[in-house]
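# Inside the fold
Residue-level listing of the chains:
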Amino acid sequence: LVALCLAACLMLWARPLIGAARMNEVDVTDFGAVAGDGKDDTAAVLAAIEQCRKSLPAALVFPKGRYDFFAGGNPQNKGTLFPIGDMNGLTIDGRGSEFLMHGSTALFWFGNCKDLGIRNLTVDWDRPPFSLGKVIAAEGNHFDVEVFPEYPVKGGEPVGAFMDYDPKTRLPIRLGLDEYYTAEKTELLREQVLRVHLKHEARIKPGVLALLRHQV
């Protein structure tokens, strides 16, 4: 009887290990990703994700290093590099890797997924996905921002949202603006000066700081 009990306990204890052993590892380097070379690894990771889809439950594995991802790297989705849907039992394991983003784009999107895990990775941008500067003019349906030099701009940057900040405290203005999806386009007037065209009359005041979020 004791032997039977011990055997049953061992079987119950081992069941999670058996399940874990069945997870298939898919290494992104097998599909062409190269850590630290500065080149876009998006296509390689997309191919690895499709392999995971065929072999769920699966772990998408990134050997430790820095992987570079560029906006526009996924021609099927302009806004998100890795849209993942209808996948159950997927684990994304960076193993201590850094993902460096280039340009304005989202990294992951998940829909209708279960038993999903993301671990052991950090995400950073070569240039922050926002700009900060001083509003120097506001008239009609536009306002002009002299963007601080640490946020280089060239015109055409999307503005998904913007807020006004107090130039002294550098904190959001109490009862100030926090607008989403009201900017139509931006244009470069001169070096580091952006004109933001709006769908309505500009309410932001000259002299305040404007935080322009290029990605929301």
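How each quantity is defined
Residues numbered from 1 in each chain as written. Predicted model: local features only at pLDDT ≥ 70, side-chain atom pairs only at ≥ 80, totals over all residues. Heavy atoms only, no water. Helix = DSSP H or I, 4+ residues; strand = E, 2+ residues; numbered from the N terminus. Buried < 20%, exposed > 50% of the residue type's maximum accessible area, 1.4 Å probe, protein only. Pairing = 2+ DSSP bridges.

### Structural notes on the side chain of Thr80
You can see Thr80 is positioned in strand E4 (residues 80–85). Thr80 sits in the buried class, given a relative accessible area of 13%.

### Concerning the pairing of strand E5 (residues 90–102)
For E5, the buried fraction is high: 10 of the 13 residues fall into the buried class. In the sheet, strand E2 (residues 58–61) pairs with E5 via four bridges, with the strands oriented parallel. Bridge pairing links Val61 to Asp93 in E5. Relative to E5, strand E3 (residues 66–70) is paired through five bridges, and the arrangement is parallel. Pairing of Tyr67 across the sheet is with Phe99, part of E5. Of the pairings in the sheet, the one linking E5 to strand E7 (residues 117–125) comprises eight bridges and is parallel in character. Within E7, the position partnered with Leu100 by the bridge is Asp124.

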